[in-house]
Amino acid sequence: MTRSDGYLLDNRQSEAGERFAAFAALFDPTTFRHLEALGVGPGWRCWEVGAGGTSVVSWLAKKVGPTGRVVATDIDTSQVAAAARPPVEVRVHDVGAEEPPGDGFDLVHARLVLVHVPDRERALRSMISALRPGGRLLVEDADPALQPLTCPDEYGPEQQLANGLRQGLRKLLADRGADLSYGRRLPRLLRSAGLDRVEADGYFPVASPACAALESATIRQVRDQLVTAGLATDQDIDRHLANVAAGGMDLATAPMISAWGRKP
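Residues numbered from 1 in each chain as written. Predicted model: local features only at pLDDT ≥ 70, side-chain atom pairs only at ≥ 80, totals over all residues. Heavy atoms only, no water.

Peer 1: Run through the overall build of the chain, naming residues and quoting values.
Peer 2: Along the backbone of the chain there are 8 helices and 7 strands. When its C-alpha atoms are laid out on the principal axes, the chain stretches across 55 × 35 × 30 Å. Per-residue burial over the chain gives 55% buried out of 264 residues. Pairs at least 24 residues apart make up 76% of the contacts formed inside the chain by residues separated by at least 6 positions. Total accessible area on the chain stands at roughly 11,100 Å², and carbon and sulfur atoms take up 50% of it. Counting 30 positive and 34 negative side-chain charges, the chain places the averaged centre of each group 6 Å from the other. (Helix = DSSP H or I, 4+ residues; strand = E, 2+ residues; numbered from the N terminus. Buried < 20%, exposed > 50% of the residue type's maximum accessible area, 1.4 Å probe, protein only. Contact = heavy atoms within 4.5 Å. Areas by Shrake-Rupley, 256 points an atom, 1.4 Å probe, with all protein chains shown as cover. Lys, Arg positive; Asp, Glu negative; His and termini not counted. Charge placed at Lys NZ, Arg CZ, Asp CG, Glu CD.)

Take a look at the structure:
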């Protein structure tokens, strides 16, 4: 992710690894499908922005091979450091505040990053400036306001509690500068930035073990903030975590919007 004094979901918290594993299970198939369609292959120079975990970085490394290069950046590289071997270079970097870690990239990719960046406009300009002519940009970000519920089928008290806690989480995120409607704007933003051949789609997980794992890890990670802000009680959170662990609820994530384009 990117630097923010109030960033809610710190990579160094114990739940971060669980969250990255859940993201990989939920979103890697969609991400890899798009990267395949963009033609990533041997010799490509790639910048993975806000890498977080290792799954996308490792996939890119296999695709580009020994003649390629993958620069993986994050403000906290603790979760991605294990991937730091050729052709992967891991760097501490803030995409919203620093110059790009190079130029002439064939691909720049960011997943679930820009929604949290205070200066999203600068970050997007930086990513595009780092592309070579003809290079590809793929930006994938959540749109929690497009689908704000943990349980879209709110038929009982367990689902109502889950949705109430999701509302509290969204407030915490918004208070720290997250743009909860960012995903839907990506196609327009890429066109406005001058990219060609802009397209987009969305992926909306509705129920899976990874959705439950992500929900549990996220709520545990922000537990103290929810209670301190008066958005939930410890009893609420304990009850919700027990409901999630029981496996009887259909838990959804926010839709992920993927948008891509080509630098002229």
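Peer 1: I'd like a rundown of the packing of aromatic side chains, residues and numbers included.
Peer 2: The description of an aromatic ring pair rests on the distance of the ring centres and on the angle between the ring planes. All told, the structure shown has 4 aromatic pairs when counted by the stated rule. Summarising the aromatic geometry, the rings of F27 and Y203 are spaced 6.1 Å apart at their centres and angled 90 degrees between planes, so their arrangement reads as edge-to-face. Linking F27 in helix 1 (residues 16-37) with Y203 in strand 6 (residues 196-203), this pair joins segments that are 176 residues apart in sequence. Sitting over the ring of Y182, R120 keeps its end group 5.9 Å from the ring centre. (Phe/Tyr/Trp six-rings, centres within 6.5 Å; stacked < 30°, edge-to-face > 60°. Lys NZ or Arg CZ within 6 Å of the ring centre and 35° of its normal.)

Peer 1: How would you explain the nonpolar core if you had to name every residue and give the values?
Peer 2: The biggest cluster of nonpolar side chains holds 25 residues, and the ones touching the most others in it are W47, V49, V108, L114, L124, M127 and L137. Of all the elements, helix 3 (residues 120-129) adds the most residues to this core, at 4 residues. What V108 contacts, discounting residues up to four positions off in sequence, is W47, V49, M127, L131, R136, L137 and L138. Counting residues in hydrophobic clusters, the runner-up holds 21 residues, among them W44, V70, V88 and L138. (Core = buried A, V, L, I, M, F, W, Y, C linked by side-chain atoms within 4.5 Å.)

Peer 1: Describe the environment of P255, naming the residues involved and giving the relevant values.
Peer 2: Mapping P255 onto the fold places it in the loop between helix 8 (234-246) and strand 7 (256-262). As a C-alpha pair, P255 and L107 span 148 residues in sequence and 23 Å in three-dimensional space. In this view, P255 contacts D141, A142, D143, L146, Q147, Y203 and F204; residues no more than four positions away in its chain are not counted.

Peer 1: A description of the pattern of salt bridges should follow, citing residues and the corresponding values.
Peer 2: On inspection of all chains with the given rule, the structure shows 16 salt bridges. For R185, the salt bridge identified is with D179, shortest N-O distance 2.2 Å. By relative accessible area, D179 is classed as buried at 16%. Salt bridges sharing partners connect three or more residues here, namely R69, E89 and R91. (Salt bridge = Lys/Arg side-chain N within 4 Å of Asp/Glu carboxyl O.)

Peer 1: For the sheet that holds strand 7, give the residues involved together with the corresponding values.
Peer 2: Taken in spatial order, the 7 strands line up as 3-2-1-4-5-7-6 in an open sheet, and their pairing is mixed. Lying at the two open borders of the sheet, with one neighbouring strand each, are strand 3 (88-92) and strand 6. The mean inter-strand angle of the sheet, taken between neighbouring strand axes irrespective of direction, is 15 degrees. In the packing of helix 1 onto the sheet, contacts are made with strand 4 (105-111), strand 5 (131-142), strand 6 and strand 7, and the angle to strand 4 comes to roughly 150 degrees. (Pairing = 2+ DSSP bridges. Axes fitted to C-alpha atoms, helices over the stretch in contact; angles between N-to-C directions.)

Peer 1: Would you mind going over helix 8 in detail, with residue names and values included?
Peer 2: Between its terminal C-alpha atoms helix 8 stretches 18 Å, which fits the 18 Å expected from 13 residues at 1.5 Å a residue. Those residues of helix 8 that fall on the buried side of the exposure criterion are I237, H240, L241, N243 and V244. Down the axis of helix 8, the buried set is contained in an arc of 160 degrees. They therefore lie on one face. The outward face of helix 8, more than 90 degrees from its buried face, is lined by the exposed residues Q235, A245 and A246. Looking at the packing, one finds that the buried side of helix 8 touches helix 4 (157-175), helix 6 (209-221) and helix 7 (223-228). Just beyond helix 8, the residue with positive phi is G247, at close to 80 degrees. (Expected span 1.5 Å × (residues − 1). Arc of directions from axis to C-beta.)

Peer 1: A description of the side chain of Q159 should follow, citing residues and the corresponding values.
Peer 2: Structurally, Q159 is set in helix 4. With residues up to four places along the chain from it excluded, the contact list for Q159 reads C151, D153, E154 and M249.

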